[in-house]
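Structural overview for review
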Amino acid sequence: FKGDLPKEITVRYLENLETFKSPKKSVKQIKWWDFPASCHWVLAGKEGDFIAADDVGPGWMSEKMDQIGHIPLRELAIPRSHHAGMYKMSEQFGMGSIFNTLTQYKDLTFQLTEGGVRVIDIRPFLNYGKHGYKTWESHGSIFGGKWHGGLGVSLEDMINQVNAFNKKYPGELIIWDIHPNQALVRRPNGKVEQMSEGDRAVMYREFKGSGTNKTSGVLIRTRREWRYDESYPGGSQGFVTEANFPVHHVWANKPDSPGLIDVTVKDLKERKTKRTSTLYFADWIVTQQGFDVAIGTKFIAELAITTYKALFYELWAALTVERYPNWIATDGIRSSESKSFAMTLNHCLAGGRCGKIQPSK
């Protein structure tokens, strides 16, 4: 484009083209993002069975239950939010800053509705404050004997957003995925260490407010060893572990998209040899390294923007009906890109409704 960028892109359905929700001759206005200059729109399927990005609303699981209801979780594609509660800074420690801790632009409600997120990544941090212990989302690390990072929103806040979403859009499945090795507690003396059984009991009590309703489901995935905690809620309360919910996780730990693509595609080909293999979780994120970890110059959410284009091109080119990621974690969720990609995987690969698909790489 020369001069000013457009405000939107127009998509016209010509001849006999129609999709799940859009009749023939439909006209769509697609939002154009100024930074970086881009927009996205997906059309997937085959003659008589097309689906487009705007065919699925906030309750995409219930809307597509007739198509995905029979597909096991280990074969379903689901968007995951990386550090879902790190969209604002509540408190910072050491060298933690908004640049090296904040991973998201929008609140959890936006991530669930527009982003289609159904797997919530949380690194619980039990912080001792004026009113005793309370659990927060966190992003940071311990080095030099101290914890450097930041606290996002409280677990209570996140649970309230999930409950409100489930009330408004019943019929969805929400999975809270806890990183146990990053489940930390900050003592009154300032010392940060791994949560003890007593500390986890505080978190369990808070999670009990994240219940299911008659049509929606909530799972909380924790560590196998936590099952022996005296206060562990158990399966009747929606708690599962890797013992009955195994997941293979790949983290590329690369600072750019090419490195991320190479590591993830290689691992995917080795691990996901067939669609019924262990549920495959890809951290589709670039990682700050070196100087940027200590003194960031760009938001993590901003660095993530380049990875979305790679989803639709480089990653898609390596997929087959037997080999595709199930959970896809992203930073910087600002639109329905993650949902559109998962929708395409479910329609074409998990559902097998796009004809023959052969990888090009």
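To start, this report covers the structure provided alongside it. (Residues numbered from 1 in each chain as written. Predicted model: local features only at pLDDT ≥ 70, side-chain atom pairs only at ≥ 80, totals over all residues. Heavy atoms only, no water.)

Time to look at unusual backbone geometry. Positioned with a positive phi, E15 is a non-glycine residue whose angle comes to about 50 degrees. One can find E15 in the loop between strand 1 (8-12) and strand 2 (27-31). We classify E15 as exposed; its relative accessible area is 66%. Positive phi values are uncommon outside glycine, yet K25 reaches one of about 70 degrees. Mapped onto the fold, K25 is located in the loop between strand 1 and strand 2. Classification of K25 by relative accessible area gives exposed; the value is 58%. (Helix = DSSP H or I, 4+ residues; strand = E, 2+ residues; numbered from the N terminus. Buried < 20%, exposed > 50% of the residue type's maximum accessible area, 1.4 Å probe, protein only.)

Strand order in the open sheet formed by 8 strands is 15-14-11-7-5-18-17-16, with parallel pairing between adjacent strands. Each end of this open sheet is capped by a strand with a single partner; those strands are strand 15 (239-241) and strand 16 (247-251). Strand-to-strand twist in this sheet, taken as the mean axis angle between neighbours without regard to direction, amounts to 25 degrees. Of the strands in this sheet, strand 7 (119-122), strand 11 (173-178) and strand 14 (217-222) are in contact with helix 5 (residues 155-168), which crosses strand 11 at around 165 degrees. In the packing of helix 6 (residues 197-207) onto the sheet, the strands contacted are strand 11, strand 14 and strand 15, and the crossing angle to strand 11 comes to about 170 degrees. (Pairing = 2+ DSSP bridges. Axes fitted to C-alpha atoms, helices over the stretch in contact; angles between N-to-C directions. Contact = heavy atoms within 4.5 Å.)

Right, let's talk about the sheet that holds strand 13 (residues 192-194) for a bit. With respect to topology, 6 strands assemble into an open sheet ordered 6-10-9-8-12-13, the strand pairing being mixed. Of all strands in the sheet, those with a lone pairing partner are strand 6 (91-93) and strand 13, marking the two edges. The average undirected angle you get between the axes of adjacent strands in this sheet is 30 degrees. Note that strand 12 (residues 184-186) and strand 13 share 3 bridges and pair antiparallel. Within the sheet, the bridge partner assigned to R186 lies in strand 13 and is V192. Set on the sheet, helix 5 makes contact with strand 9 (132-143) and strand 10 (146-154); between it and strand 10 the angle comes to about 35 degrees. Packing of helix 6 onto the sheet brings it into contact with strand 8 (124-129), strand 9, strand 12 and strand 13, and relative to strand 9 it is tilted by some 120 degrees.

On to the environment of D229, then. Inspection of the secondary structure assignment puts D229 in the loop between strand 14 and strand 15. Residue D229 is classed as buried on the basis of its relative accessible area of 7%. Spatially, the C-alpha atom of D229 lies 25 Å from that of I142, the residues being 87 residues apart in sequence. Dropping the residues within four chain positions of it, D229 is found in contact with E197, R200 and Y204. Only 2.8 Å separates the side chain of D229 from the side chain of Y204, close enough to count as a polar contact. (Polar contact = N/O pair within 3.5 Å; in protein donor to acceptor, adjacent residues only side chain to side chain.)

Function cannot be read off these values alone, since they describe shape.
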